[in-house]
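Chain by chain, the residues:
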Amino acid sequence: MALTGKNAIVTGSTSGIGEAVARTLAAQGCNIMLNGMGEKSVIDGLIAEFPKKYGIKTVYSGADMSKPAEVKQMVADCNAQLGSVDILVNNAGIQFTAPVEEFPDEKWDAIIAINLSASFHAIKTAIPLMRKQGFGRIVNIASVHGLVASTNKAAYVAAKHGIVGLTKVVALENAQSNITMNAICPGWVHTPLVQKQIEDKAKEQGISVEESTAKLLGEKQPNKRFIKPENIGAMIAFLCDENGNSMTGEIITMDGGWLAQ
């Protein structure tokens, strides 16, 4: 229980990677502020389950990551309700694919707002609190697309490259403090976001979902296996405890060999 008594915000934690990260931190004794969209019954279920299963305090913020004021209020609420903001995991993200000349302006604006600007606003609000208490761990969920590009993903790739740059700047600005700032760049993780891409491609190309899945993995990820969300959670738990205190400004890939090609 290396993180007992620490308090963490995990954005986009009502499903997918974020939920797995929240569960991993909770299992290490960390109190959790959940955040995300979804069915009220599902969210209420998570809020009720976490304290019973992990023996930790759990609160929820319905902050819309596209709205800076709500992002800032989320951080303030965590500090007020749990007593501090020790860990911030910026995970929330959306996706849309289209050639750049066909890319809707509103989709560009939404992806940049949620995938990049929300992290900036959360970090900006959390850093003073972390400095005051003399401890902080911030982890951004970037993507392998923060380091390389793919077609039809102009906004997503731009946002994730921005996250990588933001990570390095914040790490340097806080290098002499006990605040670390790192990013994890996963390859294909089997989340609802990726499943939708698989199904869209299957429909577009007139192939089965199974064929579309194999094609997706075969094009980029040499091990031809999805990254497990709990693997990402385990890496974040490591970065947040004392064993990770010398790691800052690190851009950590978990990509099944994607960038080795």
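What counts and what doesn't
- Residues numbered from 1 in each chain as written.
- Predicted model: local features only at pLDDT ≥ 70, side-chain atom pairs only at ≥ 80, totals over all residues.
- Heavy atoms only, no water.
- Helix = DSSP H or I, 4+ residues; strand = E, 2+ residues; numbered from the N terminus.
- Buried < 20%, exposed > 50% of the residue type's maximum accessible area, 1.4 Å probe, protein only.
- Contact = heavy atoms within 4.5 Å.
- Phe/Tyr/Trp six-rings, centres within 6.5 Å; stacked < 30°, edge-to-face > 60°.
- Axes fitted to C-alpha atoms, helices over the stretch in contact; angles between N-to-C directions.
- Parallel < 35°, antiparallel > 145°, perpendicular 65-115°, else oblique.
- Left-handed = near helix turned anticlockwise from the far one by under 90°.
- Nonpolar A, V, L, I, M, F, W, Y, C, P; charged D, E, K, R; others polar.
- Disulfide = S-S within 2.5 Å.
- Expected span 1.5 Å × (residues − 1).
- Arc of directions from axis to C-beta.

Asks: Run through the side chain of Glu 19, naming residues and quoting values.
Replies: Structurally, Glu 19 can be placed in helix α1 (residues 16–27). For Glu 19, a relative accessible area of 19% puts it in the buried group. With residues near it in sequence (within four places) discarded, Glu 19 still touches Gly 12, Ser 13, Thr 14 and Leu 46.

Asks: Just give me the short version of the packing of aromatic side chains, but keep the residues and values in it.
Replies: In total, this model carries three aromatic pairs according to the counting rule given. A ring pair is formed by Phe 50 and Tyr 54, whose centres lie 5.3 Å apart and whose planes are at 65 degrees; its orientation type is edge-to-face. Here Phe 50 and its partner Tyr 54 are both found in helix α2 (residues 40–54), four residues apart, which amounts to about one turn of the helix. In this structure Phe 50 comes out as buried when scored by relative accessible area, which is 0%.

Asks: How would you summarise the packing of helix α6 (residues 192–205) against helix α7 (residues 209–220) if you had to cite specific residues and measurements?
Replies: Running from amino to carboxyl end, α6 crosses α7 at an angle of 115 degrees, the nearest separation of the two axes being 8 Å. Our classification of the angle between α6 and α7 gives roughly perpendicular. Considering how the two elements wind past one another, α6 and α7 form a crossing that is right-handed. Only Val 209, Ser 212, Thr 213, Lys 215 and Leu 216 of α7 make contact with α6, whose side of the interface consists of Val 194, Gln 195, Ile 198, Glu 199, Lys 201, Ala 202 and Gln 205. In the contact of α6 with α7, the residues fall into five nonpolar, four polar and three charged.

Asks: Describe the state of the cysteines, listing the residues and the values that go with them.
Replies: By the definition in use, this model includes zero disulfides. Cysteine Cys 240 shares no disulfide, and the gap to the nearest cysteine sulfur, in Cys 30, comes to 7.4 Å.

Asks: Give me α7: which residues, what numbers.
Replies: Between its first and last C-alpha atoms α7 spans 17 Å; for 12 residues at 1.5 Å apiece the expected length is 16 Å, and the two agree. Of all the positions in α7, only Ser 212, Thr 213, Leu 216 and Leu 217 are classed as buried. Taken end-on, α7 shows its buried residues confined to a sector of 125 degrees, consistent with a single buried face. Where α7 is buried, its residues contact α6.

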